[in-house]
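Fold and geometry: a report
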Amino acid sequence: MRRFISIKNKLLLLLLVSIALILLLIGLSLGYLIEQYFERNAQQDFARFYGELSEQLLLQEENLKTQGQRLSRRSDVISSVNMISRYASAEDYRPLVYDSEKRSLAHSFYNEARAAGIDQIVAYDSSGELIAYYSVAAEAGMGYLSYQEGQPRTVVTRSGEYDALSWHDGELPGELASRYEAGLHRDLARYRSVGQGIVIEHVTPVYRTFADGSRTTVGYLQVKKLLGSDFINGLSDKTGIHGSLITAEGKRFGRLDDIDIDKLGPIETTSAVKLHLPFQHYNLTGYFAAAVAIELHDSGPAIVLAGLPKSVVDQAVDETFSAVLVVLLLSAALILPLGIVVSRKTFSQPLAKLLTGVESLQRGEYGAQVTLKGNDELSTVARAFNDM
């Protein structure tokens, strides 16, 4: 006798497949909606991250401007810069007169920078030549430019040491220029790339004012603030979002090392820091990410990258599919027994009665009757059988 799958089993199988497909569709839809939900939340978090970045950058710009202007108005600074600017050439330079004044100016910068949270203060004369400096990034934190027999020499000392005997020949810090291009001065902060990250710099003219109210520029003060690992990590701690600062040379500072910026494509550069920085958002494998490119002076842009791991999203999606699987198993456990009972009453028993009637006809029992109640298709077949 040929084996066959009963209609009851076919219907049960169809029911289970339908339930599985519906639950799978629900699971996929929920997974997509969950990822979209977290992506929208990530965009809001990135807006908060870059909003905080904008506020801190603008605050640093304003602080540099304020401190530079205040320092440029100090009478001792004006007097020193004015006096040092008097020599006409390197041959006219008098070390006994000018070096002492430059050491005093450098030490004054050291005290001022520590009090104001500034990382570098540099004084230039009216021709743009370096006078003296303080730099927190340099091992020899203070220094000045001197001349000996017409030849320039850099004299340096460690931060805080003022004794004339502690000063010795050395080199300028790598990020410090020996000359300032005065023609480039403008009353705006500029961003530059340095070895430890990027710096914000602001230049303020130093004016000598005459009795008649007229004034002349005797020099320039350049104040800088370094933005490196400490800055970006502090921003990450405050916002709870991983961030990295990437310079034009490709140096990376911060805690976000897993994202390859080359895969992000072109990033629109913002020429000036605004209260709300326009960022670009990315949905990457393993991360929701965003990026802002800040224009740097004399180099390519610096990129501030932010990222949120998708581990939370993946966990939520996995939990959703686990829940769907549990629902599928529970549905099968509940529906199968019920389906068996319903299919037996609806299909198996009526079909068995019809089969008995057919077998009776085969044996020549032409008076056999099949009794089925109802108005469905099987009842109609039973009535037609009885009328034969």
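Everything here concerns the structure above.
Read on for an overview of the structure. Because the structure is a prediction, the values reported are computed rather than measured.

Quick look at unusual backbone geometry
The phi angle at glutamate 149 is positive, at roughly 55°, despite the residue not being glycine. For glutamate 149, the position within the fold is in the loop between strand S3 (142-148) and strand S4 (151-157).

Let's talk about the nonpolar core
Soluble globular proteins tend to pack their nonpolar side chains together in the buried interior. Ranked by size, the top nonpolar core spans 67 residues in total, and within it Phe46, Tyr50 and Leu105 carry the most contacts. If one sorts the elements of this core by residue count, helix H1 (residues 7-72) sits on top with eight residues. If we skip the residues at most four places from it in the chain, leucine 105 touches Val77, Ser80, Val81, Ile84, Ala123, Ile131 and Ala132. Core analysis: the next-biggest nonpolar cluster, separate from the first, contains 13 residues, Leu256, Ile259, Ala291 and Ala293 among them.

A few points about the packing of helix H2 (residues 75-84) against helix H3 (residues 95-116)
At a closest axis distance of 10 Å, the pairing of H2 and H3 adopts a crossing angle of 145°. Considering the relative orientation of H2 and H3, their crossing is left-handed. Residue-level inspection shows Asp76, Val77, Ser80, Val81, Met83 and Ile84 of H2 in contact with H3, the latter providing Val97, Tyr98, Glu101, Lys102, Leu105 and Ser108. A breakdown of the residues in the contact of H2 with H3 according to their chemical character gives seven nonpolar, two polar and three charged.

Quick notes on the rules
- Residues numbered from 1 in each chain as written.
- Predicted model: local features only at pLDDT ≥ 70, side-chain atom pairs only at ≥ 80, totals over all residues.
- Heavy atoms only, no water.
- Helix = DSSP H or I, 4+ residues; strand = E, 2+ residues; numbered from the N terminus.
- Core = buried A, V, L, I, M, F, W, Y, C linked by side-chain atoms within 4.5 Å.
- Buried < 20%, exposed > 50% of the residue type's maximum accessible area, 1.4 Å probe, protein only.
- Contact = heavy atoms within 4.5 Å.
- Axes fitted to C-alpha atoms, helices over the stretch in contact; angles between N-to-C directions.
- Left-handed = near helix turned anticlockwise from the far one by under 90°.
- Nonpolar A, V, L, I, M, F, W, Y, C, P; charged D, E, K, R; others polar.

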